[in-house]
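For reference, the chains in residue letters:
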Amino acid sequence: SSPSFRLAPTFPPQIRVSCAQPLRTAMGCGGSKGESGGPKGGGGKNAGGGSAKGGQKSTDMKVANAENAEYQAKMKFCEQVPLLKRLPKDQHPLVAEAMVMQEFEKGAKIINQGDTGDEFFVIRAGTANVERKEEDGSVKALATLKAGDYFGENALKSDELRQASIIAAEKLTAFKITRAKFQELGLNDYLQFANRRAVGAGQQAESKAKPPSPKTPQEKQLIADALRSNENLASITKLDDDRVNQFIEVMWKETVAAGAEIIVEADLNADYFYVVQDGSFDIFASQLEDGEDAPKGDPQVVGTAAKGGSFGELALLYFVPRAATVKATEDSTVWAIDRGNFKRILMQVSEAKLKDYVKYLDGVSILSALISQEKKQLATALVEMHFTKDEFVIQQGEAGATFYILYDGQVNIIKDGAIVSNLSASPQRCIAQYFGDGALLDNETRGATVQVCSETAKTLVLDRDSFDMLLGPLKEIIKASEQNGNRAAAKGSGVLPGGIQDGSKVKILRKDLSRIGLLGCGGFGTVELWEHKKTGDTYAMKGLSKGYIVKTGMQDSVMNEKNILMMTNSIFVIKCYATYNG
């Protein structure tokens with residue numbers, strides 16, 4: 001079996017620690033002695049007090065175990081929160097040590113709008129509501145935060161007034177870090193907080209789902225037929241029986257009085273999709289005259305929706321304002337589904353498909369700053385959209401906010417009326433193409449037209465608002481990635497302010513090392529001395545036989561050793577800089 005290798009820095013023989021630069025001071029260990037200077041375990045006047053000491057020892061062990069359990073929970077939490085995943089692994093123990101757990105009862109105000117603060121929170125369990133008091137005295141619900149979400153980040157920079165109130169919607173547990181601790185650890189060098197709409201100004205509150213209503217077989221069939229006959233849904237994805245049944249299961253019944261407007265044109269709070277059970281609706285839309293940007297005259301009736309019809313899907317898919325007003329012409333009954341369930345059902349894909357989607361995202365250069373977990377989040381948010389021959393996907397000169405991945409079919413790229421290139425994709429050959437990626441950064445004007453030239457073209461679509469809601473603005477993520485990269489390149493030595501080693505930033509390639517000689521042999525392998533050709537730094541490389549590790553059942557122990565050594569951040573503890581196979 002091929003061996004694996006682990007790299008650690010070397011040190012003078014009289015020192016039993018490792019560091020980036022060899023220490024110049026010798027250290028040693030004296031023999032353990034009792035308080036009186038006698039041998040450890042020697043008799044003393046309290047030698048007979050075993051019972052009292054045993055009880056104290058038991059209490060101390062319980063306290064230590066509780067502290068260890070809490071610390072492990074913090075470490076695990078750091079590994080699960082996307083924001084903290086951006087930190088080098090050797091920073092996780094420092095963050096875990098700095099975090100203080102705090103509990104809040106339902107209704108407790110964690111942050112109060114208008115107050116100054118110096119604390120940042122990450123929710124461990126529970127949910128919280130974000131509310132903002134408007135100038136007219138009304139309170140506007142902005143968002144709902146859940147486990148893993150964070151808030152209060154602006155307080156880490158300055159005494160800025162809180163822009164909204166955060167209220168516990170249920171019993172909530174959160175980890176808290178103060179500004180002083182945050183700056184002391186130098187975390188501002190690593191974490192760049194996005195200007196998130198969810199906790200800032202503008203993000204609408206989460207749509208509320210009502211309990212499903214019972215349905216007769218005839219009603220279920222009506223809903224199923226309505227979903228399958230909706231052209232917009234059909235163009236996005238294939239509605240198989242499983243998806244249709246999931247829609248039916250969560251929908252609830254509502255009555256609409258004659259004359260009531262169930263949807264209002266230009267409304268940003270587009271939270272529901274409807275299927276008409278009984279009655280009818282008129283659909284009104286404002287008309288634009290040639291060359292005008294603003295609507296002229298009263299809205300005109302552009303369509304109707306009767307029994308078996310459906311409406312409201314586009315605004316839910318693309319986070320755009322309602323395109324028309326829908327008004328009941330008689331007392332009517334509809335089936336409704338909220339945005340959350342609507343998108344969840346449409347987006348459901350198999351694990352295998354998710355992996356394919358992530359591979360497509362890996363090929364998009366503008367997304368290279370994202371970590372793997374973030375790409376997986378985006379993969380679950382991608383929506384399929386199909387086009388037919390000669391159909392325009394995007395047109396030159398239009399404002400764009402949507403990014404496309406072409407995974408099956410062919411399209412022509414047309415600029416100023418002339419074909420300048422052609423993109424071809426095939427799932428069989430694992431070839432995908434993408435375009436419109438600049439829309440994830442800005443409201444760009446499309447620089448070219450994309451037209452389908454194959455019989456069909458299948459794409460995966462993501463709009464900028466969906467991206468921002470999931471991860472925050474891409475511009476901020478790229479900026480943070482570039483800044484971190486520049487700091488690492490400029491420092492070179494892998495030393496952070498305060499003398500803390502940051503070995504995770506030092507990239508050591510095996511080809512840049514040359515072997516000097518053998519340091520020693522052990523039961524599991526050898527330890528050799530290697531020198532870095534460019535810097536002259538020396539490292540100890542431990543070689544392990546994979547076959548022997550498997551034979552002795554030590555796989556978990558080896559992986560634990562590696563992970564612990566990757567996280568150590570002290571000049572007095574050996575640090576693992578790199579691992580290799582071969």
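In short, a report on the structure. (Residues numbered from 1 in each chain as written. Predicted model: local features only at pLDDT ≥ 70, side-chain atom pairs only at ≥ 80, totals over all residues. Heavy atoms only, no water.)

Moving on to the overall build of the protein chain. Along the protein chain, the regular secondary structure elements total 15 helices and 28 strands. Burial status across the protein chain gives 41% buried among its 582 residues. Look at the contacts in the protein chain between residues 6 or more apart in sequence, and 73% of them connect residues 24 or more apart. (Helix = DSSP H or I, 4+ residues; strand = E, 2+ residues; numbered from the N terminus. Buried < 20%, exposed > 50% of the residue type's maximum accessible area, 1.4 Å probe, protein only. Contact = heavy atoms within 4.5 Å.)

Moving on: the pairing of strand 23 (residues 449-452). Alternating positions in strand 23 separate into two faces, Thr449 and Gln451 on one and Val450 and Val452 on the other, with burial throughout. Of the strand pairs in this sheet, strand 19 (residues 392-394) and strand 23 are connected by 2 bridges, and their pairing is antiparallel. Bridge assignment links Ile394 to a residue of strand 23, and that residue is Val450. (Pairing = 2+ DSSP bridges.)

Moving on: the nonpolar core. Judged by nonpolar contacts, the single largest core of 25 residues is most densely connected at Leu367, Leu370, Leu378, Phe467 and Leu474. Within the residue set of this core, elements represented by two or more residues are helix 10 (351-362), helix 11 (372-381), strand 20 (402-415), strand 24 (456-463), helix 12 (464-471) and helix 13 (474-491). Grouped together as the second largest cluster of nonpolar side chains are 20 residues, Leu227, Val244, Val250 and Phe342 included. (Core = buried A, V, L, I, M, F, W, Y, C linked by side-chain atoms within 4.5 Å.)

Applying the stated criterion across every chain yields a total of 10 salt bridges. One salt bridge connects Arg132 with Glu134, and the closest N-O pair in it is separated by 3.2 Å. With relative accessibility at 15%, the residue Arg132 sits in the buried group. In this structure Glu134 comes out as partly exposed when scored by relative accessible area, which is 26%. Note that Lys375 is salt-bridged to Asp362, the shortest N-O span being 3.0 Å. You can see Lys375 sitting in helix 11 and its partner Asp362 sitting in helix 10, a full 13 residues away along the chain. Since its relative accessible area comes to 9%, Lys375 is described here as buried. (Salt bridge = Lys/Arg side-chain N within 4 Å of Asp/Glu carboxyl O.)

So, on to the side chain of Gln451. Within the element layout of this structure, Gln451 appears in strand 23. Not counting residues within four places of it along the chain, the set of residues in contact with Gln451 comprises Asp390, Glu391, Phe392, Gln410, Val411, Asn412 and Ile414.

Taken as a whole and judged by the stated rule, the model has 12 aromatic pairs. Both rings, one in Tyr404 and one in Phe435, keep their centres 5.4 Å apart while their planes meet at 15 degrees; by these two values the pair is stacked. With Tyr404 in strand 20 and Phe435 in strand 22 (residues 433-435), this residue pair connects regions lying 31 residues apart in the sequence. Neither residue differs from the other here; Tyr404 and Phe435 are each classed as buried. (Phe/Tyr/Trp six-rings, centres within 6.5 Å; stacked < 30°, edge-to-face > 60°.)

To continue, consider the sheet that holds strand 10 (residues 252-256). Note: strands within a sheet are paired through backbone hydrogen bonds, in either parallel or antiparallel orientation. If you walk across this open sheet you meet the 4 strands as 10-17-12-15, and the pairing is antiparallel. Two strands close off the open sheet at either side, each with one partner strand: strand 10 and strand 15 (310-311). In terms of strand pairing, strand 10 meets strand 17 (residues 332-338) through 5 bridges, oriented antiparallel. Within strand 17, the position partnered with Val256 by the bridge is Ser332. Running over the sheet, helix 5 (residues 217-229) touches strand 10, strand 12 (272-278), strand 15 and strand 17 and is turned about 125 degrees from strand 12. (Axes fitted to C-alpha atoms, helices over the stretch in contact; angles between N-to-C directions.)

Right, let's talk about a nonpolar patch on the surface for a bit. On the surface, Ile571, Phe572 and Val573 cluster together to form a nonpolar patch covering roughly 230 Å² of accessible area. Among the structural elements, Ile571 can be located in the loop between helix 15 (555-567) and strand 28 (578-581). (Patch = residues over 30% accessible without salt bridge, like charges linked within 9 Å, V, L, I, M, F, W, Y side chains within 5 Å. Areas by Shrake-Rupley, 256 points an atom, 1.4 Å probe, with all protein chains shown as cover.)

Here we come to the side chain of Ser280. When you line up the elements, Ser280 lands in the loop between strand 12 and strand 13 (281-287). Engagement of the side chain of Ser280 in a polar contact is seen with the side chain of Glu330, the distance being 3.1 Å. Dropping the residues within four chain positions of it, Ser280 is found in contact with Ala305, Ala306, Lys327, Ala328, Thr329, Glu330 and Ser332. (Polar contact = N/O pair within 3.5 Å; in protein donor to acceptor, adjacent residues only side chain to side chain.)

You can see Ala143 is positioned in strand 6 (residues 139-145). Given the relative accessible area of 8%, Ala143 is considered buried.

So, on to the sheet that holds strand 2 (residues 100-104). Strand order in the open sheet formed by 4 strands is 2-9-4-7, with antiparallel pairing between adjacent strands. In this open sheet, the two strands that pair with only one neighbour each are strand 2 and strand 7 (150-151). Here strand 2 runs beside strand 9 (residues 172-178); their pairing, made up of 5 bridges, is antiparallel. Each residue of the ladder has a partner; that of Gln102, found in strand 9, is Ala174.

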